[in-house]
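Structural characterization, general
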Amino acid sequence: MNHSAVSSKSTLGQQWQEFWFYFSVSKTAVAGLVFLVLVVFVALFADVISPHEPAEQYRQFAKLPPAWKEGGQMQFFLGTDYAGRDMLSRIIHGSRLSLLAGSIVVILSLSIGVLLGLIAGYRGGWLEILIMRVMDTIMAVPGLLLALVLVAILGPGLLNAMVAIAITYTPYFVRLTRASTLSELNRDYVTASKMTGASSTRLMFVSILPNCMAPVIVQGTLSFSTAILDTAALGFLGMGAQAPTPEWGTLIAENRDLILNAPWTVTFPGIAILLAVLAINLVGDGLRDALDPKLKRS
Amino acid sequence: MKQQLIKARNLHKYYAVKSGYLQPAQSLKALAGASFDLYEGKTLAVVGESGCGKSTLARLLTMIEEPTSGQLSIDNIDVAETTEKSIKKQLRQTVQMVFQDPFGSLNPRQKIGNIIQEPLIINTNFSANERHQQVLEMMELVGLRNEHFQRYPHMFSGGQRQRIAIARALILKPKVVILDEPVSALDVSIQAQVINLLIELQQELGLAYVFISHDLSVVRHISDQVMVMYLGKPVEQGPNKAVFNNPQHPYTQALLSATPQADVEGKRQRIKLTGELPSPIDPPSGCAFNPRCQYADKNCQLHEPVMELYGDSRVSCLAVAQQRIGQLKAS
């Protein structure tokens with residue numbers, strides 16, 4: 001880990017150069033990154049890009065097929081749903097919510113997980129046992145089921161769904177950080193800091209933590225995609241974002257009755273989820289390869 | 001009279017080893033009675049094979065761990081009796097350490113400048129500018145250039161890394177530096193540079209070294225006093241010349257005979273030790289060295305030898321006491 005790409009060159013620019021060198025080895029990762037950048041761009045400028053307001057109902061155009069199908073209209077490129085709302089606009093606005101959900105879930109679970117893992121690994125003893133057994137318990141319950149239970153307790157809504165999903169993801173970060181902490185803890189540079197009288201906080205956050213981050217970053221990226229997927233799943237089950245909100249999972253849920261006579265209303269949100277998740281996974285794999293010193297060729 | 005910096009008497013360190021839930025914990029005797037004195041400007045070399053307690057001794061001296069029993073005074077302050085934090089802090093500044101592996105002892109994510117100034121950040125109230133100045137001075141002293149300040153450890157060779165580690169150890173102006181095999185991870189050509197740097201620094205700053213090593217040729221070059229350890233116990237200790245020219249303990253003789261020498265003419269008898277180093281959890285009865293010693297007899301299995309002065313060195317061996325040993329040819 002100590003020779004990993006991020007630690008490498010002296011200036012940030014050189015660090016990026018080396019990182020990019022390893023990252024760009026994988027063409028699929030670059031493709032994923034390109035698509036991801038596109039999604040972020042679309043999400044940021046949703047108001048400008050989308051042809052219609054996402055909640056605007058064009059009653060006379062309800063259930064219009066996509067533009068290239070018979071009866072489709074160019075102004076509703078991906079067709080409309082049961083209430084005549086433009087699917088393309090709703091998907092574009094949905095990207096905002098999905099990216100938001102992904103980021104918040106990852107930020108929450110990563111920061112809590114890393115903190116707990118660091119404490120568990122560093123302190124050891126009963127505290128470690130307590131933290132790790134609680135995490136094992138969380139992991140023992142299927143993630144989505146646990147999230148459902150938590151949302152049922154907290155009440156449905158996008159924010160609660162994100163918190164619930166974040167809780168189900170935390171154990172992975174805890175385990176990862178604890179494992180890295182344990183392996184770093186006995187290294188000489190930690191002993192050297194300890195010897196000069198460094199406090200526990202300093203040892204944990206200044207000495208050890210920066211050396212544990214590579215696998216955590218990779219796990220974070222991969223969690224980002226599953227978080228989007230799980231938010232969509234909760235939305236589909238009616239426990240996440242609520243009806244008029246154009247969240248991808250909710251979009252599928254509100255149109256699922258139309259799956260036979262207006263299949264585009266569920267297909268396109270589904271494809272949006274698929275592509276976003278795929279892109280992030282590809283980027284995550286590329287990151288893992290770039291950050292893992294064992295896969296280094298030089 | 002030079003100032004006495006370290007006084008160790010009968011230091012013991014046992015570690016509890018759990019063998020199972022139902023069995024009682026066994027104790028691993030990592031260090032079983034080490035006594036020595038270290039004076040200002042002097043070098044004590046601690047020699048022995050892996051697992052003989054050298055590194056445990058280093059951990060005790062740097063106060064990372066506390067001895068199980070025995071007395072340890074640093075700078076005339078008894079370590080065990082000090083509870084006051086400020087004095088502990090002062091003691092910690094008195095003793096610093098350089099580690100064996102320069103690739104593991106420097107935080108890969110910190111810049112050299114930050115690595116060297118970390119002890120200052122923790123222990124002093126200097127401003128950032130003053131710290132920067134001190135670090136630059138220290139870097140110059142150990143032969144690093146100013147522009148190295150902003151670089152990361154992996155950009156340096158082993159020898160340079162060890163210089164960085166030395167700079168970090170010296171930045172608090174310690175009186176004692178523990179050198180835990182400081183050159184064994186380096187190329188031979190670099191070893192000489194680092195050793196010479198250490199000797200120069202010692203003369204310049206009046207440092208006392210505890211030089212832990214298994215490389216006898218290096219030890220011979222740098223040390224004033226030598227302590228040979230076996231399985232947690234010193235078996236022979238004395239002045240450099242006495243130990244190297246007149247090794248008395250069979251183990252010391254075996255170690256010395258194993259040191260390669262560029263002397264083609266001189267015929268040397270090579271003493272081969274058979275067997276493995278016994279487990280420190282369950283050491284042999286009597287003299288710990290008896291299963292591998294060519295001079296061992298029944299007495300050695302029954303009685304534990306004690307340190308006694310023979311000539312210039314103190315030796316712990318029954319065979320020496322009973323004069324059963326032929327002297328190794330001085331080489």
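So, a few notes on the structure that sits alongside this text. Bear in mind that the values here come from a model prediction, so they are computed numbers and not experimental data.

Details of helix α4 (residues 87–123) of chain A
- Under the 1.5 Å per step criterion, the end-to-end length of α4 of chain A is 52 Å for 37 residues, consistent within 8% with the ideal 54 Å.
- G124 of chain A, located one to two residues past α4 of chain A, shows a positive phi value of around 65°.

With respect to the pattern of salt bridges
- Going through the model one piece at a time under the given rule, you end up with 17 salt bridges over all chains.
- With a closest N to O distance of 3.2 Å, D81 of chain A and R85 of chain A form a salt bridge. Summarising the burial analysis for this pair, D81 of chain A and R85 of chain A share the class buried.
- The residue E118 of chain B makes a salt bridge to R202 of chain A at a minimum N-O spacing of 2.9 Å. Placement of the pair is E118 of chain B in helix α3 (residues 112–123) and R202 of chain A in helix α9 (residues 200–236), with the two residues belonging to separate chains. We note that E118 of chain B, like R202 of chain A, is buried.
- Sharing partners across several salt bridges, the network here consists of D81, R85, R90 and E254 of chain A.

A look at the nonpolar core
- Counting residues in each nonpolar core, the largest one holds 60 residues, and the members touching the most others are I116, I164, I166, L198, L201 and F211 of chain B.
- Of all the elements, helix α5 (residues 158–170) of chain B adds the most residues to this core, at six residues.
- When residues of this core are assigned to domains, at least three fall in each of domain 1 (3–7 + 30–223) and domain 2 (238–260 + 270–331) of chain B.
- The residues contacting L201 of chain B, other than those within four sequence positions of it, are L141, V142, I166, L170, G206, L207 and Y209 of chain B.
- If you look at the next biggest cluster of nonpolar residues, it comprises 34 residues, including Y22, L36, L258 and W264 of chain A.

Cut-offs and rules
Residues numbered from 1 in each chain as written. Chains lettered and ligands numbered in written order. Predicted model: local features only at pLDDT ≥ 70, side-chain atom pairs only at ≥ 80, totals over all residues. Heavy atoms only, no water. Helix = DSSP H or I, 4+ residues; strand = E, 2+ residues; numbered from the N terminus. Expected span 1.5 Å × (residues − 1). Salt bridge = Lys/Arg side-chain N within 4 Å of Asp/Glu carboxyl O. Buried < 20%, exposed > 50% of the residue type's maximum accessible area, 1.4 Å probe, protein only. Core = buried A, V, L, I, M, F, W, Y, C linked by side-chain atoms within 4.5 Å. Domains from an automatic or database assignment. Contact = heavy atoms within 4.5 Å.

Don't take any of this as a statement about function, it's just geometry.
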